[in-house]
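These are the residues of each chain, in order.
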Amino acid sequence: EIKEKRAQAVTIFKEKREEFKERLAEIKDELKKATVARIDTKMETINTNATTRMTEHLTKLNEVLVKIQEKATIAKTNGADTTTLDSSVVAAQAAISAAETAVSQQAGKQYVVDIQSEETIRSNVGTTMQQLQTDLRNTHAAVVKAKQAAIAAARELAKLRPINSVGTQSAITQ
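Residues numbered from 1 in each chain as written. Predicted model: local features only at pLDDT ≥ 70, side-chain atom pairs only at ≥ 80, totals over all residues. Heavy atoms only, no water.

**A few points about the overall build of the protein chain**
Counting its secondary structure elements, the protein chain contains five helices and zero strands. Element order for the protein chain, N to C, with α for helix and β for strand: α-α-α-α-α. A total of 174 residues make up the protein chain; the buried ones form 30% of that total. Across the protein chain, the fraction of contacts at a sequence separation of at least 24, relative to all contacts at a separation of at least 6, is 79%. In the form shown here, the protein chain has an accessible surface area of approximately 11,200 Å², with 54% of it arising from carbon and sulfur atoms. (Helix = DSSP H or I, 4+ residues; strand = E, 2+ residues; numbered from the N terminus. Buried < 20%, exposed > 50% of the residue type's maximum accessible area, 1.4 Å probe, protein only. Contact = heavy atoms within 4.5 Å. Areas by Shrake-Rupley, 256 points an atom, 1.4 Å probe, with all protein chains shown as cover.)

In structure tokens, the structure reads:
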């Protein structure tokens, strides 16, 4: 089902891209034509770079969360009560998963300028660019929520440290 939807989306994108190229060829003003083509390429680059950075950040958050879970396991074996830590880790995992979904959806989006006429090119490009910015802002907000959830898990882990004995604390920090 997902593969079918993705295949349909790819087909629709190819059709829009072809229509864009045809309409771009109809533009008589060479400066406008070059500018619109450059902006179209730039929007694709912006989306790719932003989603790549967000994916790298989420990977780092996952690595940190794994370390927190390892330290929580050590604390639990040493007799500490880790129920709040466990719940915050689960919340962080859910937030990271939601952010990864949002980033992968954003990475799959393509922004093609819908050229109506030569007179409306400016507003069409502006609308498409604004949509890209809005989508990236929303995706970034999901990544920020994931980061905040990971920070909350780290704070819960830090609360356990003073409770444990000196020997336990050295085992946790390793």
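Following the structure, the description resumes.
**Regarding the nonpolar core**
In this structure, Leu58 and Ile115 are the most contacted members of the largest nonpolar core, which totals 36 residues. Going through the elements one at a time, helix H1 (2–26), helix H2 (30–77), helix H3 (83–108) and helix H4 (121–160) are the ones with two or more residues in this core. The element best represented in this core is H4, accounting for eleven residues. Apart from residues no more than four positions distant in its own chain, leucine 58 is found in contact with Ile96, Ala99, Glu100, Val103, Val143 and Ala146. (Core = buried A, V, L, I, M, F, W, Y, C linked by side-chain atoms within 4.5 Å.)

**Things to note about the environment of valine 89**
Mapped onto the elements of the fold, valine 89 is located in helix H3. Judged by relative accessible area, valine 89 falls into the buried class, the value being 5%. Valine 89 sits 62 residues away from isoleucine 151 along the chain, and the two C-alpha atoms are 9.8 Å apart. In contact with valine 89, other than residues within four places in its own chain, are Leu65, Ile68, Gln69 and Ala153.

**A look at the packing of H3 against H4**
The geometry of H3 relative to H4 is characterised by a closest axis approach of 8 Å and an angle of 160 degrees between their N-to-C directions. Taken as axis vectors, H3 and H4 run roughly antiparallel relative to one another. Pair H3 / H4 crosses with left-handed handedness. When its residues are assigned to classes, the contact of H3 with H4 shows 20 nonpolar, four polar and three charged. (Axes fitted to C-alpha atoms, helices over the stretch in contact; angles between N-to-C directions. Parallel < 35°, antiparallel > 145°, perpendicular 65-115°, else oblique. Left-handed = near helix turned anticlockwise from the far one by under 90°. Nonpolar A, V, L, I, M, F, W, Y, C, P; charged D, E, K, R; others polar.)

**Things to note about the confidence of the model for the protein chain**
When pLDDT is low, close inspection of the predicted coordinates is not appropriate. Taken residue by residue, the protein chain gives an average pLDDT of 85. The fraction at 70 or more is 88%. Per-element mean pLDDT across the protein chain ranges from 45 in helix H5 (residues 166–173) up to 94 in H4. Low confidence marks residues 163–174, where pLDDT is under 50. Its contacts with residues over four positions away, or in another chain, come to 13 contacts. (pLDDT = per-residue confidence, 0-100.)

**Comments concerning the side chain of glutamine 106**
Here glutamine 106 is to be found in helix H3. Glutamine 106 has contacts with Asn47, Thr51, Tyr111, Leu132, Asp135, Leu136 and Thr139, leaving out every residue within four places of it along the chain.

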